[in-house]
Amino acid sequence: QEQLVESGGGLVQAGGSLRLSCAASGRTLSNNAMGWFRQPPGKEREFVAAINWSGGRKYYADSVKDRFTISRDNAKNTVYLQMNSLKPEDTAVYYCAADRTANWRGPAYWGQGTQVTVSS
């Protein structure tokens, strides 16, 4: 089975940037659509971005469009989330997810999450 491990979170000032990575330990990452989700403190988990298996199709939540970029490198078994112009409201635990059919209501695989904190 796939194991997803996020990294790259941390503390950053408003206006700064972070790049999150999600590495898969399994052999089938390239066959899965990948998504990023986040859960702000005291709130429900929400969709952030998704990318298809080849990397050719992407979409974003309105709240992050033009600031965040999702990408993947299947040769490295890794998906990325480049986050620019960060705002305090971006503070959340960020999770990556994988699903063969892009079922983002219930993905097959979840990472453990990485904390992103944006200070004002």
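Structure's up top.
Computed from a predicted structure; not experimentally measured. (Residues numbered from 1 in each chain as written. Predicted model: local features only at pLDDT ≥ 70, side-chain atom pairs only at ≥ 80, totals over all residues. Heavy atoms only, no water.)

### Let's talk about the sheet that holds strand S7 (residues 68–73)
Note the threshold: Should DSSP find at least two bridges between two strands, the strands are taken to pair. Numbering of helices and strands runs from the N terminus; a helix is a DSSP stretch of H or I covering at least four residues, while a strand is a stretch of E covering at least two. Only the stretch in contact is used when fitting a helix axis, every axis being a line fitted to C-alpha atoms; angles between N-to-C directions are given from 0 to 180 degrees.
Taken together, 4 strands build an open sheet; the order of strands is S1-S3-S8-S7 and the sheet is antiparallel. Where the open sheet ends on each side, the last strands, each with one partner, are strand S1 (4–7) and S7. The mean inter-strand angle of the sheet, taken between neighbouring strand axes irrespective of direction, is 15 degrees. Sheet topology places strand S3 (residues 18–24) next to strand S8 (residues 78–83); 6 bridges connect them, and they run antiparallel. The residue bridging alanine 23 from the neighbouring strand is threonine 78, located in S8.

### Observations concerning unusual backbone geometry
Heads up, the rule is: Summary of the burial criterion: residues with accessible area below 20% of their type's maximum are buried, those above 50% are exposed, and those between are partly exposed, where the area comes from a 1.4 Å probe applied to protein chains only.
Not every positive phi belongs to a glycine, and aspartate 66 is a case in point at roughly 80 degrees. Note on placement: aspartate 66 falls in the loop between strand S6 (58–60) and S7. For aspartate 66, a relative accessible area of 76% puts it in the exposed group. At serine 85, a position not held by glycine, the phi torsion is positive, near 50 degrees. Relative to the helices and strands, serine 85 is located in the loop between S8 and strand S9 (92–99). Serine 85 sits in the partly exposed class, given a relative accessible area of 42%.

### Describing the side chain of threonine 91
Let me state the cut-off plainly: Between N or O atoms, a polar contact is any pair within 3.5 Å; within protein, one atom must be a potential hydrogen donor and the other a potential acceptor, and residues adjacent in sequence are included only when both atoms are from side chains. Whether two residues are in contact is decided by their heavy atoms: any pair within 4.5 Å suffices.
Among the structural elements, threonine 91 can be located in the loop between S8 and S9. Threonine 91 gets classed as buried once you look at its relative accessible area, which sits at 16%. At 2.9 Å, the side chain of threonine 91 and the backbone oxygen of proline 88 are in polar contact. When residues no more than four places from it in sequence are discounted, the contact partners of threonine 91 are Pro40, Pro41, Gln115, Val116, Thr117 and Val118.

### Notes on the packing of aromatic side chains
The cut-off we apply is this: Only centres within 6.5 Å qualify two rings of Phe, Tyr or Trp (six-membered ring in Trp) as a pair; their planes then separate them into stacked at under 30 degrees, edge-to-face at over 60, and tilted for everything else. Over a ring means this: the NZ of a Lys or the CZ of an Arg is within 6 Å of the ring centre and within 35 degrees of the ring normal.
Using the criterion set out here, one finds 5 aromatic pairs in the structure. Consider the rings of tyrosine 95 and tryptophan 110, whose centres lie 6.3 Å apart with planes at 85 degrees: the pair is edge-to-face. With a gap of 15 residues between them, tyrosine 95 in strand S9 and tryptophan 110 in strand S10 (residues 109–110) connect regions that are remote in the sequence. Under the relative-accessibility criterion, tyrosine 95 is labelled buried at 15%. Taken together through their ring pairs, the aromatic side chains of Phe37, Phe47, Tyr59, Tyr95, Trp104 and Trp110 make up a single cluster. Across from the ring centre of tyrosine 95, 5.5 Å away, lies the NZ or CZ of arginine 45, which sits over that ring. One Lys or Arg, arginine 45, reaches over the ring of tryptophan 110 and ends 3.8 Å from the middle of that ring.

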